[in-house]
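What the coordinates show
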Amino acid sequence: WGSFFYFYLIFHSEMDNIFQRNGKLLLFGGGLIAIFAWIGRDYFVNSRKINKINTEQNSLPIGLFSRRRSIVLFGDSLTQRSYEYGGWGASLSNWFIRKADVINRGFGGYNTRWAKLLLPSIFPLENELSKQHFIITCFFGANDAALPSERVHVPLLEYENNLIEIVTHLKKTSRYVFLISPPPVFEKGRLQYQKEFYGPKATGKLERTYKNSKEYAEMCVKVANQLNVPIIDLWTELQKNPNWNSFFSDGLHFTAEGQQSVFSIIKSVISKHVSPENLSLDLPIGQEMDPTNPLGSFLSHVQNFDINE
């Protein structure tokens, strides 16, 4: 537009006198206008390019949750503490790294009576036709199996009904549900922990027993078979090791060695149904990235990605 104005003044006869008197000034002004017009054009073009890149970035389906499958660990303290150093939950997360996010929903001291009340808020049935999660592990029973004198105790038949209700609900929200039985109670370790923790106030009486843990573990296996979901029978599998009592720090919760043994058992069962090695990555590995067109690398990968594979 600056150039147009400049030549307009030159060739328009009625403006000759103005040009003769102010030629240098007009020449300088026209030149400035032309320069600013060119700068404005470059800014406009570059702004469009930047906006296009930002639009592509914002349109990439690589949000915090959209590119990762979810694995939810639902249980009591044995699940809550699975994220301790070397814990079975932490190891599971590492096993599925970049394939799925492992979410810990363990609640220390909870039983199935309380856990089932959490189902609508933690696992809402927003759309029963779609599976919101990839895997859910359900690990309750250690507290239910406490002796009747304990506040967390749940009678065996109620435990059975609660488990049925919980697992039936979870199956509507996940592609895979794995039921984990309570482990055996190491009674000597439990009493020793009581002495160390309470000192002179220790009662010397058990609040959990090996026999009770067996009954609740067997009920857990029964429910899994009834509902046709895979069972991870820790009660049986842990005791295949003659030194299984070393797996417990207090007769109930796992040591680092116990955590790894539990992970090994869980991994062996899950592997029969799904393995991260057969799942695609959320985004391309670094060696597959095109440094001259990283957005193109993202788009090419996500077009072939199927979170439901």
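Presented here is a report on the structure given in the accompanying data block.

1. A closer look at the pattern of salt bridges
All told, the structure shown has 10 salt bridges when counted by the stated rule. Salt-bridge contacts for E84 lead to R81; the nearest nitrogen and oxygen are separated by 2.8 Å. Classification of E84 as partly exposed rests on a relative accessible area of 31%. Between R208 and E207 there is a salt bridge, with its nearest N and O atoms 2.8 Å apart. Accessibility assignment for this pair places R208 and E207 in one class, buried. Within this structure, R190, E207, R208 and D250 form a network of salt bridges that share partners.

2. Considerations on the pairing of strand β2 (residues 100-106)
Of the two faces of β2, only one is covered, namely that formed by A100, V102, N104 and G106; the face formed by D101, I103 and R105 stays uncovered. Looking at chain direction, strand β1 (residues 69-75) and β2 are connected through 7 bridges and run parallel. Counted as the bridge partner of F74 is R105 from β2.

3. Some words on the environment of L118
With respect to the secondary-structure elements, L118 resides in the loop between α5 (112-115) and α6 (119-122). On the accessibility criterion, L118 (22% relative accessible area) is partly exposed. Sequence-wise, L118 and I166 are 48 residues apart; in three dimensions their C-alpha atoms are separated by 9.6 Å. Setting aside chain neighbours within four positions, we find L118 in contact with F74, F107, Y110 and F123.

4. Some details on the packing of aromatic side chains
Scanning all chains against the criterion turns up 17 aromatic pairs. Where W95 meets F96, the ring centres are 4.8 Å apart and the plane angle is 70 degrees; that geometry is what we call edge-to-face. For the pair shown, W95 and F96 are each scored as buried. Note on W244 and F248: the rings are 6.1 Å apart at their centroids and 85 degrees apart in plane angle, and the pair reads as edge-to-face. Both residues of the pair, W244 and F248, belong to the buried class. Clustering of aromatic rings is evident, with ring pairs tying together F186, Y210, W235, W244, F248 and F254.

Scoring rules and cut-offs
- Residues numbered from 1 in each chain as written.
- Predicted model: local features only at pLDDT ≥ 70, side-chain atom pairs only at ≥ 80, totals over all residues.
- Heavy atoms only, no water.
- Salt bridge = Lys/Arg side-chain N within 4 Å of Asp/Glu carboxyl O.
- Buried < 20%, exposed > 50% of the residue type's maximum accessible area, 1.4 Å probe, protein only.
- Helix = DSSP H or I, 4+ residues; strand = E, 2+ residues; numbered from the N terminus.
- Pairing = 2+ DSSP bridges.
- Contact = heavy atoms within 4.5 Å.
- Phe/Tyr/Trp six-rings, centres within 6.5 Å; stacked < 30°, edge-to-face > 60°.

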